[in-house]
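If you want the building blocks of each chain, they are given just below.
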Amino acid sequence: MGRSSVRFRAEIEQLEAEIEAVGTSSPIAIAAVDGDAPSATGNRRLQIAGVSVTPEVAAIALVYFVQGILGLSRLAKEFFVKDELGLDPAQASLVFTVSSFPWLVKPLWGFVSDAVPLFRYRRKSYLALCGVIGTVGGVALATVVDDVPSAAVAFTLGSLSTAFADVVIDGVVVARARESESPAASGALQSLCWGSVALGGVLSAYYSGALIETNGTRFVFGVTALFPLLIACAAALVREDPTTRDEGERPSGGAVSYTHLRAHETEADLVCRLLLE
């Protein structure tokens, strides 16, 4: 009986050692908060792609994921303008061009968020507002839009929501990367962002056609309208101090100047997409 107990205990210890070895070598691993060595209290934090998962990192990944998953409505828009609005290719192209205007003036949204705090915040408040705008546009497409002008307005609201949120979250990413002393950490954060977009894009590409075929375009618009709400929820997780009464005084965790970002890219050559997209 004693030998069986000792053998069982040895097997358990060996299994624990194997699990620990697998966990430390996996892309998704449990890492110590204070670096490579475990802390005295044993406090550990989940890592994804080499980035420690904090509430703010989760918010960043969520916003980028939503940008990818919103591709669900791209195919639905093409069927909607052709089948329900009866537009020919030239007319549909004009509607899509007009509705893409918010993307053409992306630098403007960066200057707005830097210069005009909304409810004392330059990041969190605008992210929440973008989520609400995107949901309003999606709900309108799913329910009341039945002519070309209203469709153009709803499409434009969706583009404004995504473009503005993209600028704001890019600013958050660059600010966090500049705070990091490790170029590798900055690159890992950027990889996480692009991976989140790619995951959302793959899911939208896989399911969009089937959803339209089985449920119709308005159903897809209704489903898509739910995702911008995740951006509004993610805003609560962004680490930002409220602005002060003195406009010349910036809080330590606050906004980074829009033009300042381009002039101070990290040593890891973190690509700031604010001006180029």
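This text follows the structure it describes.
Residues numbered from 1 in each chain as written. Predicted model: local features only at pLDDT ≥ 70, side-chain atom pairs only at ≥ 80, totals over all residues. Heavy atoms only, no water.

Another aspect to go through is the overall build of the protein. Of the regular secondary structure elements, the protein holds twelve helices and three strands. Here the analysis covers contacts within the protein between residues at least 6 apart in sequence; of these, 74% occur between residues at least 24 apart. (Helix = DSSP H or I, 4+ residues; strand = E, 2+ residues; numbered from the N terminus. Contact = heavy atoms within 4.5 Å.)

Once that is clear, we can look at the environment of Ala236. Here Ala236 is to be found in the loop between helix H11 (228-235) and helix H12 (258-263). With a relative accessible area of 59%, Ala236 lands in the exposed category. (Buried < 20%, exposed > 50% of the residue type's maximum accessible area, 1.4 Å probe, protein only.)

Right, let's get into the layout of surface pockets. Size it by volume and the largest pocket reaches roughly 680 Å³. Forming the boundary of the largest pocket are 34 residues, of which Leu70, Ser73, Arg74, Lys77 and Thr162 lie nearest the centre. Per-element tally for the lining of the largest pocket: the top contributor is helix H8 (residues 148-179), with seven residues. Classifying every residue of the lining of the largest pocket by side-chain character gives 13 nonpolar, 15 polar and six charged. (1 Å grid on protein atoms, 1.4 Å probe; cavity = no way out; pocket = protein on both sides within 12 Å on 5 of 7 lines; lining within 4 Å. Points joined across faces, edges and corners; volume = space filled by probe spheres on them. Nonpolar A, V, L, I, M, F, W, Y, C, P; charged D, E, K, R; others polar.)

So, on to helix H2 (residues 55-69). Along its 15 residues, H2 runs 21 Å from first to last C-alpha, staying within 8% of the 21 Å computed at 1.5 Å per residue. When you tally the buried positions in H2, you get twelve out of 15 residues, the bulk of the element. Taken together, the buried positions of H2 are Glu56, Val57, Ala59, Ile60, Ala61, Val63, Tyr64, Phe65, Val66, Gln67, Gly68 and Ile69. (Expected span 1.5 Å × (residues − 1).)

So, about unusual backbone geometry. Unusually for a residue other than glycine, Phe119 sits at a positive phi of about 55°. For Phe119, a relative accessible area of 68% gives the class exposed.

Where H2 meets H8, the axes come as close as 10 Å, and the angle between the chain directions of the two elements is 145°. Crossing handedness for the pair H2 and H8: left-handed. In this structure, H2 contributes Glu56, Ile60, Val63, Tyr64 and Gln67 to the contact, and H8 contributes Thr162, Ala165, Asp166, Ile169, Asp170, Val172, Val173 and Arg176. Of the residues in the contact of H2 with H8, the class split is seven nonpolar, two polar and four charged. (Axes fitted to C-alpha atoms, helices over the stretch in contact; angles between N-to-C directions. Left-handed = near helix turned anticlockwise from the far one by under 90°.)

This next bit is on the pattern of salt bridges. Summed over all chains, the structure comprises five salt bridges. Arg123 is paired through a salt bridge with Asp114; the nearest N and O atoms lie 3.3 Å apart. Arg123 sits in the buried class, given a relative accessible area of 6%. (Salt bridge = Lys/Arg side-chain N within 4 Å of Asp/Glu carboxyl O.)

In this section: the nonpolar core. Judged by nonpolar contacts, the single largest core of 47 residues is most densely connected at Phe80 and Leu127. Elements supplying a minimum of two residues to this core: H2, helix H3 (72-84), helix H4 (89-99), helix H7 (124-143), H8, helix H9 (183-215), helix H10 (217-224) and H11. Top contributing element to this core by residue count: H8, with 13 residues. Beyond its immediate stretch of four places on either side in the chain, Phe80 contacts Leu85, Val145, Ala151, Phe155, Thr217, Arg218 and Phe221. (Core = buried A, V, L, I, M, F, W, Y, C linked by side-chain atoms within 4.5 Å.)

Turning our eyes to something else, we now look at the environment of Arg218. Among the structural elements, Arg218 can be located in helix H10. Look at Arg218 and you get partly exposed, because its relative accessible area is 25%. Once the C-alpha coordinates of Arg218 and Val145 are considered, the two residues, 73 residues apart in sequence, prove to be 9.7 Å apart. Engagement of the side chain of Arg218 in a polar contact is seen with the backbone oxygen of Leu141, the distance being 2.8 Å. (Polar contact = N/O pair within 3.5 Å; in protein donor to acceptor, adjacent residues only side chain to side chain.)

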